[in-house]
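The lines below spell out each chain.
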Amino acid sequence: MSLTIFGTSRSRAFRVLWMATELGLEFEHEPLPWQSCRNDARYLLINPSGTIPAISDSGFVLAESLAINLYLAQKAGMLWPPDPKDQAKVLQWTLWVTTSLESAYTQWASHTYWLPESARDAAQANSAAAEMRGPLDRLELALSESGWLVGTSFSAADLNVASVIGFVSRFEREKRPHVADWIDRCKARPAYRKASTLP
Ligand SMILES: N[C@@H](CCC(=O)N[C@@H](CS)C(=O)NCC(=O)O)C(=O)O
């Protein structure tokens, strides 16, 4: 019985490394680089999409970072609330971040931080920023209630959403103090810091 996580921490695999560390799981880590995972013949046999992350849990293979995180939390019975309504909220926030924010966020972060300066395009960053404001205002409202997305403590919803939009704490920080404070608290968690040190 063993869990293997495929993908370097410098990719969406970080989300899964963070979750597995939060849950205290033992795992093997194959830090495949995102630049070449689609052309890695051995990896394509495991994940035919060739994207990272993927996991193999005693031979059960799963791709899609956020789905992997929901599976791991549910299986461990941690960061996964017992009430079906709260579980539905975890799914709601997970789907929300990937459908309402991830694309614009990725464009904004790429053209603000990730790409080499010579490749950054301010117009693309600005149009992505305009798309992000509505969803981030929605997030600010949600976090103003208890400081967490579901119930009154950190859950898989917080991990999934924060892991997609980590740099948002630098975006118009003073306009959305609850979002900024929440991301800071998520990133201060020991498991986040430990996962950040992985290759
Ligand atoms: N929606 C997928 C996206 C996976 C994805 O695109 N991963 C990137 C790395 S962050 C990748 O594999 N890039 C290599 C490529 O597309 O060739 C997930 O969240 O797991």
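Residues numbered from 1 in each chain as written. Predicted model: local features only at pLDDT ≥ 70, side-chain atom pairs only at ≥ 80, totals over all residues. Heavy atoms only, no water.

Under an unreviewed UniProt entry, the chain has the name Glutathione S-transferase family protein and belongs to Paraburkholderia acidicola. The Sequence similarities (unreviewed entry) field of the UniProt record for the chain holds the comment "Belongs to the GST superfamily." (UniProt positions renumbered as here; feature names shortened; annotations may be inferred.)

S.K.: Give me the lowdown on empty space enclosed by the protein, citing residues and values where you can.
M.R.: Inspection of the entire model under this criterion finds one cavity of 30 Å³ or more. Approximately 30 Å³ is the volume found for the largest cavity. Taken together, Val168, Ser169, Phe171, Glu172, Arg173, Arg176, Val179 and Ala180 make up the lining of the largest cavity. Broken down by class, the residue content of the lining of the largest cavity amounts to four nonpolar, one polar and three charged. (1 Å grid on protein atoms, 1.4 Å probe; cavity = no way out; pocket = protein on both sides within 12 Å on 5 of 7 lines; lining within 4 Å. Points joined across faces, edges and corners; volume = space filled by probe spheres on them. Nonpolar A, V, L, I, M, F, W, Y, C, P; charged D, E, K, R; others polar.)

S.K.: Which residues make up unusual backbone geometry, and what values go with them?
M.R.: Omega for the peptide link from Ile52 to Pro53 comes to 5 degrees, which places this bond in the cis form. Relative to the helices and strands, Pro53 resides in the loop between helix H2 (41-46) and strand E3 (54-57). Positive phi is not limited to glycine here, since Glu64 has a value of about 75 degrees. The residue Glu64 is located in the loop between strand E4 (60-63) and helix H3 (65-76) in this model. Residue class for Glu64 comes out exposed when judged on its relative accessible area of 59%. Despite not being glycine, Glu172 shows a phi value in the positive range, around 45 degrees. Relative to the assigned elements, Glu172 resides in the loop between helix H6 (156-164) and helix H7 (177-187). Looking at Glu172, the relative accessible area reads 15%, which means it is buried. (Helix = DSSP H or I, 4+ residues; strand = E, 2+ residues; numbered from the N terminus. Buried < 20%, exposed > 50% of the residue type's maximum accessible area, 1.4 Å probe, protein only.)

S.K.: Please give an account of the UniProt feature "domain: GST C-terminal" (unreviewed entry) in the chain that cites residues and values.
M.R.: Here, the residues flagged by UniProt with the feature "domain: GST C-terminal" (unreviewed entry) are residues 83-199. Helix makes up 71% of residues 83-199 and strand 0%. Its end C-alpha atoms lie 36 Å apart.

S.K.: How would you explain the pairing of E4 if you had to name every residue and give the values?
M.R.: In terms of strand pairing, E3 meets E4 through four bridges, oriented antiparallel. Its bridge partner being in E4, Ser56 is matched across the sheet by Val61. (Pairing = 2+ DSSP bridges.)

S.K.: Explain the domain arrangement of the chain to me, and be specific about the residues and the numbers.
M.R.: Bring the parts together and some accessible area is lost; that lost area is often taken as the interface size. As far as domains go, the chain holds domain 1 (3-78) and domain 2 (84-193). A C-alpha centroid distance of 21 Å is found between domain 1 and domain 2. Between domain 1 and domain 2 the total buried area reaches about 1300 Å² when both faces are included, carbon and sulfur atoms providing 70% of it. On the domain 1 side of the contact with domain 2, Trp18, Leu66 and Leu70 bury the most area, a combined 49% of that side's loss. Arg189 is the partner of Glu22 in a salt bridge, and the nearest nitrogen-oxygen pair spans 2.7 Å. Between the two partners, domain 1 and domain 2, sit four residue pairs in polar contact (both at pLDDT 80 or more). Secondary structure elements with two or more residues in the side of domain 1 that touches domain 2: helix H1 (13-22) and H3. The element that contributes the greatest number of residues to the side of domain 1 that touches domain 2 is H1, accounting for six residues. (Domains from an automatic or database assignment. Buried area = accessible area lost by both parts, 1.4 Å probe. Salt bridge = Lys/Arg side-chain N within 4 Å of Asp/Glu carboxyl O. Polar contact = N/O pair within 3.5 Å; in protein donor to acceptor, adjacent residues only side chain to side chain.)

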